[in-house]
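Examining the three-dimensional arrangement
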Amino acid sequence: MGDFKALREELSQIEREGLLRSCRRVDAVEGGRIQIGGRWKIHLASNSYLGLAQHPRVIAAAREALEKFGAGAGSARLIGGTFPPHEALEEDLARFKQAEAALLFSTGYMAGLGVITALAGPEDLVVGDRLNHASLIDACRLSGAALRVYPHKEVDRLEEVLRARRFRYRRALVVTEGLFSMEGDIPPLPEIVDAARRHDAWVLVDDAHATGVLGLSGRGSLEHFGLPAEGILQMGTLSKALGSIGGFLAGPQEVIDTLRNRARSFIYTTALPPSCAAAARTALRVVQEEPVWRERLWRNARRWIAGLRQAGADLLCAESPIVPVRVGAHHETMRIAQALFGAGLYAPGVRPPTVPEGSARIRTSVTALHTEEDLTAALEAFEKTIAQSPGYPVTRFQ
Ligand SMILES: *Cc1c(COP(=O)(O)O)cnc(C)c1O
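Before going into details, it helps to say that this report is about the structure given with it. Since we're looking at a predicted model, the values are computed, not measured.

**A few points about the overall build of the protein chain**
Scanning the protein chain for helices and strands turns up 14 helices and 14 strands. The dimensions of the protein chain, computed from C-alpha atoms along their principal axes, are 60 × 55 × 55 Å. When each of the 398 residues of the protein chain is scored for burial, the buried share is 55%. Within the protein chain, contacts between residues separated by at least 24 positions form 71% of all contacts whose residues are at least 6 apart in sequence.

Written out as structure tokens, the structure reads:
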């Protein structure tokens, strides 16, 4: 019988490089705080930007659907797993995103995988931002399409790729995040869309972090720029601002029909639990009916950014509730994250391969649920930790 010693050796190597990962057990989350190992910390790692994972209306909707439809969907959507909450949510998402139709997937990761592999193949070209999320990169690879990346947000370079290569392929698909998950910055979407249109390419925007967050009514990155949704493929997840789990694509009817027929991560997996769809649907209502959460989120983001600057933090970007603090070397990043943890903050260090080598950072995110006291305490802890970190800020950041 074979043994697994070789894996132990590989893991030791990962550990020696300071890149070993493990999960922290969380005991509870309440408001802007998280309980880990019996201690409450200020939670700066949540993607539930509006606090909707804890919203009473959202929880009540999940509970009601749970009682009515049971704990799981029982089969794939095409077999017998389509329940009223799935259909209702797809209609609401399409309306919210101002698209013709929408299709749910069991996670955002699976949405990306399904959409890109269903729309692009070996005869096609996919052009993506260098800092796109791993799920998008995996999807491009799996699709078999020719993949080209352009430097982060550089539309001129995107256009160069399209100009030089578009003609060799059947279709071209430009893929970008609408609000970058590890940077917290927003790409120049109007220019990206223009470049794509000039070269007869489709645009897929992954609004995983932008849905509920960007735009006056939280519709996402297109609303942020006042761009019409027509002809643009908008991906999103239900698992971040919408506080549940699941992913979706909103777009033209023929795209949605194609996905229902070709997206393997839609076809060959069990539908998401109806209770999760019901929770997300109510969360989507809350986004539209209770703008106070988005107002609090952005007020907290402004306060957090100003405070971090004052505390001497070197900010990689400062235009959204996702605020990465630049460090550089991953060992130092993990040391600072640990020191912050000791000072009462939970803000993870983000290392390669999640981000490029030499660009490790502390990723902080604030939510609508952080109180003034939470932010003040968090800023004090940051200031103290930075003061005790000789050589910070680090200048060598790639
Ligand atoms: C989180 C994330 C996903 C995956 O969404 P899940 O619902 O968590 O699977 C996809 N794309 C981006 C940009 C993300 O940040």
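Now that the structure is up, let's keep going.
**A word on the sheet that holds strand β11 (residues 322-328)**
With antiparallel pairing, 3 strands are arranged side by side in an open sheet as β11-β14-β13. Across the chains shown, the open sheet's two edge strands, defined by having one partner strand only, are β11 and β13 (349-350). Examined bridge by bridge, β13 and strand β14 (residues 360-365) share 2 bridges and lie antiparallel to one another. Paired with G349 across the two strands is I362, which belongs to β14. Taken strand by strand, helix α13 (residues 330-342) contacts β11, β13 and β14, and its axis lies near 35° from that of β14.

**With respect to the packing of α13 against helix α14 (residues 372-387)**
With their axes 9 Å apart at the nearest point, α13 and α14 run at an angle of 135° to one another. Taken as axis vectors, α13 and α14 run oblique relative to one another. α13 and α14 meet at a crossing whose hand is right-handed. Between α13, through I336, A339 and L340, and α14, the contact on the second element is made entirely by A381, F382 and T385.

**A closer look at the site of the ligand**
Around the ligand there are 14 residues in total, and G108, D206, H209, S239 and K240 lie nearest to it. For the ligand, an oxygen atom lies 2.9 Å from a polar atom in the backbone of Y109. Interatomic distance of 2.6 Å between a side-chain N/O atom of H209 and an oxygen atom of the ligand. In the complex, the protein chains occlude 86% of the 380 Å² of accessible area that the ligand would expose alone. For the shell around the ligand, a count of residues per class yields 2 nonpolar, 9 polar and 3 charged.

**Some thoughts on unusual backbone geometry**
Of all residues except glycine, most have a negative phi; of all peptide bonds, most are trans. The linkage connecting P352 with the following residue, P353, adopts the cis geometry, with an omega of 5°. Topologically, P353 is positioned in the loop between β13 and β14. Even without a glycine there, the phi angle at Q98 is positive, about 55°. For Q98, the position within the fold is in the loop between α3 (84-96) and β4 (101-105). For K153, which is not glycine, the phi torsion reads 65° and is therefore positive. Its place among the elements puts K153 in the loop between β6 (146-150) and α6 (155-165). Classification of K153 as partly exposed rests on a relative accessible area of 26%.

Conventions used here
- Residues numbered from 1 in each chain as written.
- Predicted model: local features only at pLDDT ≥ 70, side-chain atom pairs only at ≥ 80, totals over all residues.
- Heavy atoms only, no water.
- Helix = DSSP H or I, 4+ residues; strand = E, 2+ residues; numbered from the N terminus.
- Buried < 20%, exposed > 50% of the residue type's maximum accessible area, 1.4 Å probe, protein only.
- Contact = heavy atoms within 4.5 Å.
- Pairing = 2+ DSSP bridges.
- Axes fitted to C-alpha atoms, helices over the stretch in contact; angles between N-to-C directions.
- Parallel < 35°, antiparallel > 145°, perpendicular 65-115°, else oblique.
- Left-handed = near helix turned anticlockwise from the far one by under 90°.
- Near = heavy atom within 4 Å.
- Polar contact = N/O pair within 3.5 Å; in protein donor to acceptor, adjacent residues only side chain to side chain.
- Areas by Shrake-Rupley, 256 points an atom, 1.4 Å probe, with all protein chains shown as cover.
- Nonpolar A, V, L, I, M, F, W, Y, C, P; charged D, E, K, R; others polar.

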